[in-house]
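Below are the chains, spelled out letter by letter.
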Amino acid sequence: MSNTYFALHLLLTGDSALWDIVRLSILVSLSATLLALMLGLPFGALIALSRFPARDPVIIVLNALMGLPPVVVGLGVYLALSRSGPLGSWGLLFTPPAMIIAQTILVTPIIAALTRQTIEDLWREYREEFAAMNVGVCRRVVALIWDARFSLVTSMLAGFGRAAAEVGAIIIVGGNIQGFTRTMTTSIALETSKGNLPLAIGLGLVLMSIVLLINALAWGVRRAGERFAA
Amino acid sequence: MKTLPSFVRGFATLFMLALAAYAIPLSASADDQTIVVASTTSTQDSGLFDYLLPIVKTKTGITVRVIAQGTGQALDTGRRGDADVVFVHAKAAELKFLAEGESLKRYPVMYNDFVLIGPTEDPAGVSGTMDIGKALQKIKERQVSFVSRGDRSGTHLAELDLWKSAGIAIDQEKGAWYKSIGQGMGAALNFAAASGAYVLSDRATWIHFGNKGGLRIVVEGDKRLFNQYGVMLVNPAKHPNVKSVLGQRFIDYLVSPEGQRDIGRYQVDGQQLFHPDASDPAA
Amino acid sequence: MSTSLVTSQLPVVLDDVQVRAGETVILDGISLRFAAGPPTVLIGPNGSGKSTLLRLAMGLVPPLSGRISWGGSPATGSSRRALVFQRPVMLRRTAAGNLHFALASASIPREHRRSRVHELLRLVGLEAVADRPARRLSGGEQQRLALARALARDPEVLFLDEPTASLDPRGTKAIEEVIRTLAERGIKIVMATHDLSEAKRLAGEIVLLHRGCVVETGPADTFFAGPSTSDARRFLAGELLV
């Protein structure tokens, strides 16, 4: 197990190569989550508050998309961003932006679906009062999102957790290039395949700590929210 | 709501921070002096790139980004124009690549050799022979577990050639003992270690491999186990985005006397892994 | 407060109104007139349609047939009428936050809101809990907050659906005080209650509903002294149940 302590030692002494990997992992997943929030939140809120013919099928599909297999998304984005693909001229394949794009696609349905559920439940609760107070559409949407903020933040943390833990999409579109597109999850995959198990375990411990931290945050947010929800 | 603007503000700040923290390294690494090289997982696993790329950067100024895939996949990446240079070890596939016009010239660079790895107890009783063909026949007759990369990599193609040279049509004659896993060299070695199987590996990856427990080299030295590496610039006429100047500079370095010397100097556990042979016309 | 450019909400006139939910008739042949003056109290057994009638008069429920008009017009801006539901829903904010929201929705300009919030809280006696999360208030406090929310709209007519139903005697007394104050200020109160003594205390006018129809209506004192219809007599005797 000495290599595991070596890995932790590198971490604590601020070894730049290792910290670059951690930093890239967080940056990619965080960016993807924030983008997913900007796309998924309004979309989910819109679905929650509108009535249209195909509403039920749309919701079913949205919920199903939460389970998009990462490798499938990775393959799709790879084909799209390849030089011989439709978006090849962007030159994004094998770069961090490609990884962000892939993870955004994975996380957006999660945020949209959870937002829809949360907003719809809250709307059902507030509906009559809003009618009696003659609340306009804009104010309605803002109020629902604001009052649901704790649940929405929890959804965001769930999305981030999903992004931080996945490897299938980013290894395909990022290429796992050392010092450039190598993240914690892709490093673990690589070190394992090289038989470098102790180092992989060390990285795994770091990743688990982050996952634990996120869950602790989510729990804290939920507790804070209880203050208002009772 | 007084608190609403501050919540939005906090959110926006967080977002800006994330964007900034990301943008800074990206802008720092100037896009100009980088190339993408599609190579193989065995080459990466051998540690050659960890050793060589910093030297390349110092001597040519080029930052090389290596995508490590199976040989077949690496060549396909070249065909799609997603790499500037391909650096693999499967001559037949490379010549096909050339014939298709995907590159204009192939440069031999170096060779390493394959070794047959097996369990220390050697249940198929092949150790001691230098004849890989006989060894494979014994494995097949005794139906001892054999792991194949199964990923169209150079190693996989070499393995298929070896079965052919042993007079075995492996596609028809394989059984449950033949396990095709479709993964890289490290994964195949892990699998062999975990299940007591035989596996063909390049020597470089084997020496560099960290999980050797229960495995050892059982057959080596047969001329048929020779593993030749070639490097090619992806044809810029077919893919205008290819950085031909930088790519060619990289190739020129690899085949130069200095580059060849640097390659030969790479050692693991006191053993030289790669033998430079750019000057060998038959390579 | 805000000078309304809209015509008055009063009188609220319901003319032969019918309301259905699917196949079920909830209100039938309702013809009523709520004019300025002392509170009008709706009484009647459970399921008689009191809540629906309030919602209808508020303008939240469209009639299947018949006409409604507010101040002589079929569709005035609804900003100066307000409704407090039987089980009001508190927004997930502080008590003051709820009032801010109600004021904003009623288009009260931002500069005036702060002072108005304090006024309203003082009126219903909730100043001390201004910054407490509304959902953590007691039942009685929430009822009072809902009332304050409704008042934020500066209504001419205030509809109240069983405002003291879930309150203890102290809470009931407090709310009735506020209602009395509002009535004295000239706000027309239309409220439903199942508490006959409360009806006696507050009503200027009584409307008795039974199975979606108006059984009897008239000034409160004459009604309680001696109602005209036999159904009304049976109701006061506690015999008219559903």
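Our subject is the structure that appears above.
Just so we're clear, the structure is a prediction, and the values are computed from it rather than from any experiment. (Residues numbered from 1 in each chain as written. Chains lettered and ligands numbered in written order. Predicted model: local features only at pLDDT ≥ 70, side-chain atom pairs only at ≥ 80, totals over all residues. Heavy atoms only, no water.)

Q: Teacher, can you tell me more about the overall build of chain C here?
A: In terms of regular secondary structure, chain C is built from eight helices and nine strands. Relative to its length of 242 residues, chain C is compact, with a C-alpha radius of gyration of 18 Å against a globular reference of 18 Å. Viewed in the frame of its principal axes, chain C has a C-alpha envelope of about 55 × 40 × 35 Å. Put simply, chain C has 242 residues, and 54% of those count as buried. Counting only contacts in chain C whose residues sit at least 6 apart along the sequence, the fraction spanning at least 24 positions is 66%. (Helix = DSSP H or I, 4+ residues; strand = E, 2+ residues; numbered from the N terminus. Rg over C-alpha atoms; globule rule 2.2 N^0.38 Å. Buried < 20%, exposed > 50% of the residue type's maximum accessible area, 1.4 Å probe, protein only. Contact = heavy atoms within 4.5 Å.)

Q: How should the overall build of chain A be read in this particular structure?
A: The number of helices and strands found in chain A is 10 helices and zero strands. Element order for chain A, N to C, with α for helix and β for strand: α-α-α-α-α-α-α-α-α-α. Principal axes of the C-alpha set define a box for chain A whose edges measure 65 × 45 × 25 Å. Burial analysis of chain A (230 residues in total) assigns 51% to the buried set. For chain A, the proportion of contacts with a sequence separation of at least 24, taken over those separated by at least 6, is 71%. For chain A, the centre of its 16 positive side-chain charges and the centre of its 12 negative side-chain charges are spaced 4 Å apart. (Lys, Arg positive; Asp, Glu negative; His and termini not counted. Charge placed at Lys NZ, Arg CZ, Asp CG, Glu CD.)

Q: Just to check I follow, could you spell out the pairing of strand 9 (residues 213-219) of chain C for this structure?
A: A regular strand carries its side chains on alternate faces of the sheet. Residue and element names in this part refer to chain C. In terms of strand pairing, strand 8 (residues 205-210) meets strand 9 through six bridges, oriented antiparallel. Among the inter-strand pairings, Ile-206 is bridged to a residue of strand 9, identified as Gly-218. Between the antiparallel neighbours strand 8 and strand 9 lie two residues, among them Arg-211 with a positive phi of about 50°. (Pairing = 2+ DSSP bridges.)

Q: Explanation requested: the interface of chain A and chain B in the structure shown.
A: Accessible area lost on assembly of the parts is the figure often given for the size of an interface. Residue-level contacts link 31 residues of chain A with 31 residues of chain B. Summed over both partners, the interface of chain A with chain B buries about 2800 Å², with 66% contributed by carbon and sulfur atoms. By the criterion of area lost to chain B, the three top residues of chain A are A:Arg83, A:Trp146 and A:Lys194, representing 22% of everything that side buries. The interface formed by chain A and chain B holds zero salt bridges in total. Within the residue set of the side of chain A that touches chain B, elements represented by two or more residues are helix 2 (16-49), helix 5 (96-132), helix 6 (137-147), helix 7 (149-165) and helix 9 (184-193) of chain A. Split into classes, the residues belonging to the side of chain A that touches chain B amount to 18 nonpolar, eight polar and five charged. (Buried area = accessible area lost by both parts, 1.4 Å probe. Salt bridge = Lys/Arg side-chain N within 4 Å of Asp/Glu carboxyl O. Nonpolar A, V, L, I, M, F, W, Y, C, P; charged D, E, K, R; others polar.)

Q: Please explain helix 3 (residues 55-65) of chain A as it appears in this structure.
A: Residues and elements named next belong to chain A. Buried residues of helix 3: Arg-55, Ile-59 and Leu-62, and no others. The buried residues of helix 3 occupy an angular sector of 60° when the element is viewed end-on, so they sit on one face. Exposed residues lying more than 90 degrees from the buried face of helix 3 are Asp-56, Ile-60 and Ala-64. Of the surrounding elements, those touching the buried residues of helix 3 are helix 2 and helix 5. (Arc of directions from axis to C-beta.)

Q: Can you walk me through the pairing of strand 3 (residues 40-43) of chain C in this structure?
A: All names here are of chain C. Judged by which residues are buried, strand 3 turns out to be covered on both faces: Thr-40 and Leu-42 on one side and Val-41 and Ile-43 on the other are all buried. Pairing of strand 3 with strand 7 (residues 188-192), which is carried by three bridges, proceeds in the parallel orientation. By the bridge assignment, Thr-40 is partnered in strand 7 with Val-190. Bridge analysis of strand 3 against strand 8 gives four bridges, and the strand direction is parallel. When the sheet's bridge partners are listed, Leu-42 is paired in strand 8 with Val-207.

Q: Is there a simple way to think about the packing of aromatic side chains in this case?
A: For any pair of aromatic rings, geometry is given as the distance between the ring centres together with the angle between the planes. All chains considered together, the criterion is met by 15 aromatic pairs over all chains. It is A:Arg149 that lies over the ring of A:Trp146; its NZ or CZ is 4.0 Å from the centre. Its end group placed over the ring of A:Phe180, B:Arg65 keeps NZ or CZ at 3.4 Å from the ring centre. (Phe/Tyr/Trp six-rings, centres within 6.5 Å; stacked < 30°, edge-to-face > 60°. Lys NZ or Arg CZ within 6 Å of the ring centre and 35° of its normal.)

Q: Explanation requested: the side chain of A:Thr181 in the structure shown.
A: Residues and elements named next belong to chain A. Of note, Thr-181 is situated in the loop between helix 8 (168-174) and helix 9. A relative accessible area of 0% places Thr-181 in the buried class. In terms of polar contacts, Thr-181 uses its side chain to reach the backbone amide nitrogen of Asn-176, at 3.4 Å. Apart from the residues lying within four places of it in its own chain, the contact partners of Thr-181 are Leu-24, Phe-94, Thr-95, Pro-96, Met-99, Gly-174, Gly-175, Asn-176 and Thr-186. (Polar contact = N/O pair within 3.5 Å; in protein donor to acceptor, adjacent residues only side chain to side chain.)

Q: Hey, could you run me through the packing of helix 2 of chain A against helix 3 of chain A in this one?
A: All names here are of chain A. Taken N-terminus to C-terminus, the directions of helix 2 and helix 3 make an angle of 145°; their axes are 11 Å apart at the nearest point. Two packed elements cross with a definite hand, and for helix 2 against helix 3 that hand is left-handed. Of the residues in helix 3, those touching helix 2 at Phe-43, Ile-47 and Ala-48 are Arg-55, Val-58, Ile-59 and Leu-62. (Axes fitted to C-alpha atoms, helices over the stretch in contact; angles between N-to-C directions. Left-handed = near helix turned anticlockwise from the far one by under 90°.)

Q: Help me understand the nonpolar core, please; the structure alone is not making it clear to me.
A: The tendency in soluble globular proteins is for nonpolar side chains to be buried side by side. Core analysis: the biggest nonpolar cluster contains 65 residues, and A:Phe130, C:Leu145, C:Leu158 and C:Ile206 have the highest contact counts within it. Setting aside residues no more than four positions away along its own chain, C:Ile206 makes contact with C:Val41, C:Ile43, C:Ala199, C:Glu216, C:Thr217, C:Gly218, C:Ala220, C:Phe223 and C:Phe224. One finds B:Val85, B:Val109, B:Tyr266 and B:Leu273 within the second-largest nonpolar core, a separate group that totals 63 residues. (Core = buried A, V, L, I, M, F, W, Y, C linked by side-chain atoms within 4.5 Å.)

Q: Mind showing me how you'd approach the pattern of salt bridges here?
A: Proximity of charged atoms lets side chains of opposite charge pair with each other. Tallied over the full model, the rule gives 38 salt bridges over all chains. Two residues, B:Arg203 and B:Glu220, come together in a salt bridge whose shortest N-O distance is 2.7 Å. On the criterion of sequence distance, the pair formed by B:Arg203 in helix 10 (residues 203-208) and B:Glu220 in the loop between strand 8 (215-219) and strand 9 (226-234) is long-range, its members being 17 residues apart. On the basis of relative accessible area, B:Arg203 is assigned to the buried category, the value being 15%. Judged by its relative accessible area of 35%, B:Glu220 falls in the partly exposed class. Beyond isolated ion pairs, a larger network of salt bridges with shared partners links A:Arg55, A:Arg116, A:Glu120, A:Asp121 and A:Arg124.

Q: What's the story with the interface of chain A and chain C in this structure? I'm lost.
A: Contacts between chain A and chain C engage 21 residues on the former and 23 residues on the latter. Of the roughly 2100 Å² buried between chain A and chain C, counting both surfaces, carbon and sulfur atoms make up 54%. Three residues, A:Glu129, A:Met133 and A:Phe228, lead the burial of chain A against chain C; their summed loss comes to 29% of the area buried on that side. Put simply, chain A and chain C have five salt bridges between them. In this structure, A:Glu125 engages C:Arg92 in a salt bridge whose closest nitrogen and oxygen atoms are separated by 3.6 Å.

Q: Please clarify how the side chain of B:Asp202 should be interpreted in this entry.
A: With respect to the helices and strands, B:Asp202 occurs in strand 7 (residues 198-202). A distance of 2.7 Å separates polar atoms of two side chains, one belonging to B:Asp202 and the other to B:Thr205.

Q: It is not clear to me how unusual backbone geometry should be interpreted in this structure. Could you clarify?
A: Leaving glycine aside, a negative phi is the common case for residues, and trans is the common case for peptide bonds. Residue and element names in this part refer to chain C. The step from Leu-10 to Pro-11 runs through a cis peptide bond, and the omega angle for that step is -5°. With respect to the helices, strands and loops of the structure, Pro-11 is situated in the segment before strand 1 (12-21). Residues other than glycine seldom take positive phi values, yet Ser-107 does so here, at roughly 60°. Considering the arrangement of structural elements, one finds Ser-107 in the loop between helix 2 (95-105) and helix 3 (110-123).

Q: What's the story with the environment of C:Gln18 in this structure? I'm lost.
A: Residues and elements named next belong to chain C. Note that Gln-18 resides in strand 1. Of the residues examined, Gln-18 reaches a relative accessible area of 14% and is grouped as buried. Sequence spacing of Gln-18 and Ser-107 is 89 residues, and the spatial spacing of their C-alpha atoms is 33 Å. When neighbours within four sequence positions are excluded, Gln-18 is seen to be in contact with Val-25, Leu-27, Asp-28, Pro-63, Leu-64 and Ser-65.

Q: Teacher, can you tell me more about the sheet that holds strand 5 (residues 81-84) of chain C here?
A: By way of backbone hydrogen bonds, the strands of a sheet pair with one another, either parallel or antiparallel. All names here are of chain C. The six strands lie next to each other as 5-6-7-3-8-9, forming an open sheet whose pairing is mixed. In this open sheet, the two edge strands, each paired with only one partner strand, are strand 5 and strand 9. For this sheet, the mean inter-axis angle between neighbouring strands, taken without regard to orientation, is 15°. Along the sheet face, helix 4 (residues 139-151) touches strand 5 and strand 6 (157-161) and points at about 165° away from the line of strand 5. Where helix 5 (residues 169-185) meets the sheet, its contacts fall on strand 6 and strand 7, and the angle it forms with strand 7 comes to roughly 145°.

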